[in-house]
Amino acid sequence: MKNILIIGSGIAGLTAAIKVCEGGGNVVLASPAHSERSQSVMAMGGINASLNTKGENDSTHDHFKDTINGGKGINNEKAVKKLTSNALNVVKWLGDIGVSFTRDENGNIDLRNFGGQKHKRTAYASARTGKQIVSSLTALCRKKEAEDSLKYIKPWRFLSLIITNDECIGAILFNENTNEIKAFEADSVIVATGGMNKLFGKTSGSTHNDGYVTAKLLEQGVELANLEMIQYHPTTIETPIKRLLITEAARGEGGRLYVIKDGKPWYFMEEWYPEFGALMPRDVVSQSIYKVCNDLDLGIDGKNQVYLDISHLPDEFIMSKLDEVYKTCIRYLNLNPCNEPIPVYPGVHYFMGGIKTDENHKTNIKGLFAAGECSCQYHGANRLGGNSLLGAVNGGWIAAEYALNHESNNQFEDNLINNVLNEEKEKFDIWSKKDISSNSVPLFKIEENLASIMNNSLSIYRNEKDLNNSYDELCNMEKIAIKADSRNDYYSYIRLPSLILLAKAMVLAALNRKESRGSHQRVEYPDLDDENFKKTTSLIFKDDNIEVSFK
Amino acid sequence: MVESVTVIIKRQKNKDEMSYLEKFEYDGDLNIPIITLLEKINNQDEIKNIEGNIVEPIKFSCSCLQGLCGDCGILINGLPKLACTTFLIDEIGESGNEILLEPFPKFTVIADLVVDKEEMYESLKLLNQWIESDAKVNLDNIQTEYEMSLCLMCGCCLVACPNYSSGDLFKGVPVAINSLKFISQEKDKKHSKELKNNYNHHFYSGCTKSLLCEDVCPMEIPIQRSISKMNRLSVWKLWQLISKI
């Protein structure tokens, strides 16, 4: 029987765990926290599938086309084919396992409009689709746990992969409560650890998704891709806690974007893009908001903000289908969106780039698979709303199938795993005995500096000078980081140098893509350059050097 | 509004050490969530308590920072709340510019404000809280099923509950609301019966209906309504059958 180690228990990890068990394998599911705490529960809007129940002649082919167009042609087409044709089965399966999708008057799963798609294609569960999916998946995992085919362990943090002869045979994990370090041998490993949020300080997502696993994988020779493709969600609000997301469903259900021009509301998206209006793909909406505020200087109250208006929608409709928007605005802005427009501006939301996989979710290392936001294959230069939940479920499902099929004939020495484990334990011992010199910088300050560098140079529009400066600053930061005062927090201590390496790779990706495509807009190169760059950005760390190429 | 606030935090190095109260002085914006307050205390060059001694950062858990994940539940002035949706300004009213933050009681403390909630999850596993069949779809039940799935597993209800204590037969509200959802979706009669029996033994027989759970639930789950429904489904039906014999 195959033993599969799954790292991360959001929707991709949970789905993979269930599918491995259903396929007859055994699972160890490791995560820093319970699934209820995962970023997946924050996904509001919905999940795309061309169910075609609205008489709009929707098809998997149209879903495929919209996804490729949204991603500006650098998505993995084979992967998107599978994604969009599996979508129907994915949503059916979710219904079967008990996800309480909102239904229409005919009892069919209801569909709403989402950005970049002309058909109603986004299935949803009121205002909390992600939460409802997690709820049903965790129940199923509970059953698998009770049947003993799944072992769900928390709070275990990933430290490193165990790789021998270019094949992954397990991972070393760290228990944050007890400081225990343990080796987990496996026939294959599935990584489902979410986006690289920590590089930017706080994003609209969870603080658990810090990007460390992706960073460490880069360090260990795993190929990453398209790191420069960062989705700025057009509508986030400024609050004391962080920039909070206002779901795309607000626009999908009729919300409008405007600023005041000549004393009157100017619905700029509707004027610039009459066909889709405020429901253009997210990259275009974010860039438009940027232009309105920065180039035209029309930001509300002279600030970087435009209005998102849903006040024309009936109050009951807002309370049922957009209740999270209402709650968030009341709670954090003391503003009632039924009466007043919401001041919004784009904020970092999703990473299209990450661990490169093929259409079967295999990485460049045998026995290592990746799924969900940490992985890169479906979304190209810009992800469509509603495709991330789909990508997470579908990715976990496919990764499970191929992880189960993975046959190894790797012969490794018995003491290999112990040696790797001892190395990690030694690192911990050195850290715990380390004297903190009085002039060392607190680690959180370096993290703040890292976030400020990344937010500045990888904003909606990027330029060569800022990117070059950032790269130099990151190189300097590497030297300070090893002396940082981590205040008795081992995990943040080992995380920091890896995150800086990942940040450098991201900046290099942005520097080398000398064109503008989707979410990557270069001031010096405002046009698409299909000849040179209708390709995937590939990043490999080799001989202490990050190699960038376009494939 | 900026004022000086004394933040009193119940601290504990790990589960084996004794807990103690430590005071911090906070000068700054009051219109911030409690999580932001904790971040502000931690993210200083030197973290000093009110006596001016340098101390270790305060340990707390959080994930979503917007009331969607239930990770940050703590006692705020004695009441179980989410630290990311509770604002400082609303908590210092009559207490003379003081605020008291403590870890949840009834759970084992891991460090400072972090507790181990594993027992909640174990109860759900022990009491077979899942469906065996494909889910039944009944349009009239979807809204209820949706509401039951909103549970964050934050533990606020268990902390407030006068009947719940760790290790007891009575397992508290998470079992009740999960049971309602799964019974509503289950086609397998045997498992449905099992869920009802478990509900009777591990919830119905121990609940004295204080309904404090509903008062503190951050998701405003209609708990009273769901308990009545569950009682109708699993307790009264049986009782009627028995009385007929």
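What you see is a predicted model, and the numbers here were worked out from it, not measured in a lab.

Side note on the overall build of chain B
Okay, so step 1: A count of helices and strands for chain B gives eight helices and seven strands.
Okay, so step 2: Overall, chain B is about 75 × 35 × 30 Å in size when its C-alpha atoms are taken along their principal axes.
Okay, so step 3: Counting over 245 residues, chain B shows a buried share of 56%.
Okay, so step 4: In chain B, which carries 26 positive and 35 negative side-chain charges, the distance between the mean positions of the two groups comes to 12 Å.

Regarding the pairing of strand β16 (residues 306-309) of chain A
Residue and element names in this part refer to chain A.
Okay, so step 1: Burial of the side chains of β16 extends over both faces: Val306 and Leu308 are buried on one face and Tyr307 and Asp309 on the other.
Okay, so step 2: In this structure, strand β14 (residues 256-261) lies alongside β16, joined through three bridges in antiparallel fashion. Each bridged residue has a counterpart across the sheet, and for Tyr258 the counterpart in β16 is Tyr307.
Okay, so step 3: Both β16 and strand β17 (residues 342-351) contribute to a ladder of three bridges, which runs antiparallel. Counted as the bridge partner of Val306 is Val344 from β17.

Observations regarding the confidence of the model for chain B
Okay, so step 1: Per-residue confidence for chain B averages 94 on the pLDDT scale, and 95% of its residues sit at or above 70.
Okay, so step 2: Across the assembled chains, the prediction reports ipTM 0.96 with pTM 0.97.

Focus on the sheet that holds strand β19 (residues 368-370) of chain A
Residue and element names in this part refer to chain A.
Okay, so step 1: With parallel pairing, the five strands of this open sheet are ordered in space as β6-β2-β1-β10-β19. The open sheet is flanked by β6 (150-153) and β19, the only strands paired with a single partner. Here the strands of the sheet are splayed against their neighbours by 20 degrees on average, with no regard to which way each runs.
Okay, so step 2: Bridge analysis of strand β10 (residues 188-191) against β19 gives three bridges, and the strand direction is parallel. Each bridged residue has a counterpart across the sheet, and for Val189 the counterpart in β19 is Leu368.

What about the environment of Val175 of chain B?
Residue and element names in this part refer to chain B.
Okay, so step 1: Here Val175 shows up in helix α5 (residues 173-185).
Okay, so step 2: Under the relative-accessibility criterion, Val175 is labelled buried at 1%.
Okay, so step 3: Placed 123 residues apart in sequence, Val175 and Gly52 show a C-alpha to C-alpha distance of 46 Å.

Looking at the domain arrangement of chain B
All names here are of chain B.
Okay, so step 1: We note that the domain assignment places domain 1 (2-115) and domain 2 (117-244) within chain B.
Okay, so step 2: Inter-centroid distance (C-alpha atoms) of domain 1 to domain 2 is 32 Å.
Okay, so step 3: Domain 1 puts 15 residues into the contact, and the matching count from domain 2 is 15 residues.
Okay, so step 4: Both faces considered, domain 1 and domain 2 share a buried interface measuring about 1,200 Å² in area, 70% of it formed by carbon and sulfur atoms.
Okay, so step 5: Considering only the side of domain 1, the residues that lose the most area to domain 2 are Pro80, Lys106 and Phe107, jointly responsible for 52% of the buried surface there.
Okay, so step 6: Applying the counting rule to domain 1 against domain 2 returns zero salt bridges.
Okay, so step 7: Where domain 1 packs against domain 2, one counts five residue pairs in polar contact (both at pLDDT 80 or more).
Okay, so step 8: Going through the elements one at a time, β3 (73-76) and β4 (79-82) are the ones with two or more residues in the side of domain 1 that touches domain 2.

A word on the packing of aromatic side chains
Residue and element names in this part refer to chain A.
Okay, so step 1: For the structure on display, the rule yields 22 aromatic pairs over all chains.
Okay, so step 2: Considering the side-chain rings of Trp266 and Phe268, the 6.0 Å spacing of their centres and the 55 degrees angle between planes classify their relative orientation as tilted.
Okay, so step 3: What makes Trp266 buried here is its relative accessible area of 9%.
Okay, so step 4: Taken together through their ring pairs, the aromatic side chains of Phe174, Phe428, Trp431, Tyr490 and Tyr493 make up a single cluster.

Points about the nonpolar core
Okay, so step 1: Counting 116 residues, the largest nonpolar core has Leu257 of chain A together with Val7 and Leu88 of chain B as the members making the most contacts within it.
Okay, so step 2: Excluding anything up to four places from it in sequence, Leu88 of chain B contacts Val5, Tyr26, Asp29, Leu30, Ile32, Ile34, Leu37 and Ile99 of chain B.
Okay, so step 3: Of all hydrophobic cores here, the second largest spans 77 residues; its members include Phe174, Met196, Val222 and Phe428 of chain A.

So, helix α8 (residues 282-295) of chain A
Residue pairs spaced three or four apart in an α-helix point in one direction, given the helix's 3.6 residues per turn.
All names here are of chain A.
Okay, so step 1: Taking 1.5 Å of rise per residue, the 14 residues of α8 would be expected to cover 20 Å, and the 19 Å separating its terminal C-alpha atoms lies within 8% of that figure.
Okay, so step 2: Most of α8 sits out of view: ten of its 14 residues are buried.
Okay, so step 3: Buried within α8 we find Arg282, Asp283, Val284, Val285, Ser286, Gln287, Ser288, Ile289, Val292 and Cys293.
Okay, so step 4: After α8 finishes, the residue Asp297 shows a positive phi value of roughly 60 degrees.

Re the interface of chain B and chain A
Okay, so step 1: On the side of chain A, 48 residues touch chain B, which itself brings 55 residues to the contact.
Okay, so step 2: Both faces considered, chain B and chain A share a buried interface measuring about 4,400 Å² in area, 51% of it formed by carbon and sulfur atoms.
Okay, so step 3: The largest contributions to the chain B side of the interface with chain A come from Gln66, Leu68 and Tyr146 of chain B, which together make up 16% of the buried area.
Okay, so step 4: Where chain B touches chain A, the interface holds six salt bridges.
Okay, so step 5: Here Glu145 of chain A and Lys125 of chain B are joined by a salt bridge, their closest N and O atoms 3.2 Å apart.
Okay, so step 6: At the junction of chain B with chain A, the criterion picks out 30 residue pairs in polar contact (both at pLDDT 80 or more).
Okay, so step 7: Those elements giving two or more residues to the side of chain B that touches chain A turn out to be α1 (34-42), α2 (118-126), α3 (142-148) and α5 of chain B.
Okay, so step 8: Of the residues that constitute the side of chain B that touches chain A, the class distribution is 28 nonpolar, 15 polar and twelve charged.

Digging into the sheet that holds strand β8 (residues 167-175) of chain A
Residues and elements named next belong to chain A.
Okay, so step 1: In space, the three strands of this open sheet follow the order β7-β8-β9, with antiparallel pairing throughout. At either margin of the open sheet sits one strand with a lone partner, and together these are β7 (156-164) and β9 (181-185). On average, each strand axis in the sheet is tilted by 25 degrees relative to the strand beside it, whichever way the strands run.
Okay, so step 2: When β8 meets β9, the two strands line up antiparallel, connected through five bridges. Residue Ala171 lies in a different strand from β9, and its bridge partner there is Phe184.
Okay, so step 3: Across the sheet, helix α15 (residues 490-512) touches β7 and β8, and the angle it forms with β7 is around 50 degrees.

About the thresholds
Residues numbered from 1 in each chain as written. Chains lettered and ligands numbered in written order. Predicted model: local features only at pLDDT ≥ 70, side-chain atom pairs only at ≥ 80, totals over all residues. Heavy atoms only, no water. Helix = DSSP H or I, 4+ residues; strand = E, 2+ residues; numbered from the N terminus. Buried < 20%, exposed > 50% of the residue type's maximum accessible area, 1.4 Å probe, protein only. Lys, Arg positive; Asp, Glu negative; His and termini not counted. Charge placed at Lys NZ, Arg CZ, Asp CG, Glu CD. Pairing = 2+ DSSP bridges. pLDDT = per-residue confidence, 0-100. Axes fitted to C-alpha atoms, helices over the stretch in contact; angles between N-to-C directions. Domains from an automatic or database assignment. Contact = heavy atoms within 4.5 Å. Buried area = accessible area lost by both parts, 1.4 Å probe. Salt bridge = Lys/Arg side-chain N within 4 Å of Asp/Glu carboxyl O. Polar contact = N/O pair within 3.5 Å; in protein donor to acceptor, adjacent residues only side chain to side chain. Phe/Tyr/Trp six-rings, centres within 6.5 Å; stacked < 30°, edge-to-face > 60°. Core = buried A, V, L, I, M, F, W, Y, C linked by side-chain atoms within 4.5 Å. Expected span 1.5 Å × (residues − 1). Nonpolar A, V, L, I, M, F, W, Y, C, P; charged D, E, K, R; others polar.

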